[in-house]
Amino acid sequence: GAGVSQSPSNKVTEKGKDVELRCDPISGHTALYWYRQSLGQGLEFLIYFQGNSAPDKSGLPSDRFSAERTGGSVSTLTIQRTQQEDSAVYLCASSLLAGAGGELFFGEGSRLTVL
Amino acid sequence: RKEVEQDPGPFNVPEGATVAFNCTYSNSASQSFFWYRQDCRKEPKLLMSVYSSGNEDGRFTAQLNRASQYISLLIRDSKLSDSATYLCVVTNSGNTPLVFGKGTRLSVIA
């Protein structure tokens, strides 16, 4: 498809399990972002990729969170030993231009529920 | 102080009304400003960029006041389809991520 694709769209897991969330950005977009949104809250920045490198990973809440991007395309966000407070919608976005100039195109998100 | 602050609302207005939202930002080095729209349980989408001179897109007008560090969005002749959450977004120059406000919820009522 032409848009940002995320999978899974919904994930229910037990506390302590690891989860992987995938993002397939728009073809040709060099910048890729991960945000998360808890119920009724704003978007919380997690990490940003320019190509395969992550100039800014300041938003990752703990060392249980990691992300990688390969081939300048697909990105995976991994959460280890999930906790209930990790429950949120994880949104991926890509943009043609890095930094200030680019419009972000978001995927529909991966809704994570940790029981 | 949060980097981007918005009145969460909700703003409940009748169809045809004019409504305005403000957003304040704390970083005076901020360079670019946007309004995004997010429908219930959907992803955010760009509504419009905000330029220093102010800009208009149909019924929507965005303004920037750098001295007071706030951005505004004015919606004229509100439609039912305008019901959504409006997110104020700010970024600095260079390779920095966009910072989103928590959003202002608008409900346009028939």
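In the block above lies the structure referred to throughout.
Analysis parameters
- Residues numbered from 1 in each chain as written.
- Chains lettered and ligands numbered in written order.
- Predicted model: local features only at pLDDT ≥ 70, side-chain atom pairs only at ≥ 80, totals over all residues.
- Heavy atoms only, no water.
- Core = buried A, V, L, I, M, F, W, Y, C linked by side-chain atoms within 4.5 Å.
- Buried < 20%, exposed > 50% of the residue type's maximum accessible area, 1.4 Å probe, protein only.
- Helix = DSSP H or I, 4+ residues; strand = E, 2+ residues; numbered from the N terminus.
- Salt bridge = Lys/Arg side-chain N within 4 Å of Asp/Glu carboxyl O.

Enquirer: I'd like a rundown of the nonpolar core, residues and numbers included.
Expert: Within the largest apolar cluster, 23 residues are counted, with the highest numbers of intra-cluster contacts made by B:Phe21, B:Trp35, B:Ile71, B:Leu73, B:Ile75, B:Tyr86 and B:Leu106. Those elements giving two or more residues to this core turn out to be β3 (19-25), β4 (32-38), β5 (45-50), β7 (60-65), β8 (70-75), β9 (84-91) and β11 (104-109) of chain B.

Enquirer: Requested: an account of the pattern of salt bridges, with residues and values cited.
Expert: Across all of its chains, the model carries seven salt bridges over all chains by this definition. In this structure, A:Asp24 and A:Arg22 form a salt bridge, with 4.0 Å as the shortest nitrogen-oxygen distance. A residue is classified by how much of its surface remains accessible, and A:Asp24, at 29% relative accessible area, is partly exposed. For the salt bridge of B:Arg76 with B:Glu56, the shortest nitrogen-to-oxygen distance reads 3.5 Å. Separated by 20 residues along the polypeptide, B:Arg76 in the loop between β8 and β9 and B:Glu56 in strand β6 (residues 55-57) bring together distant segments of the chain. Take B:Glu56: its relative accessible area is 57%, and that puts it in the exposed class.

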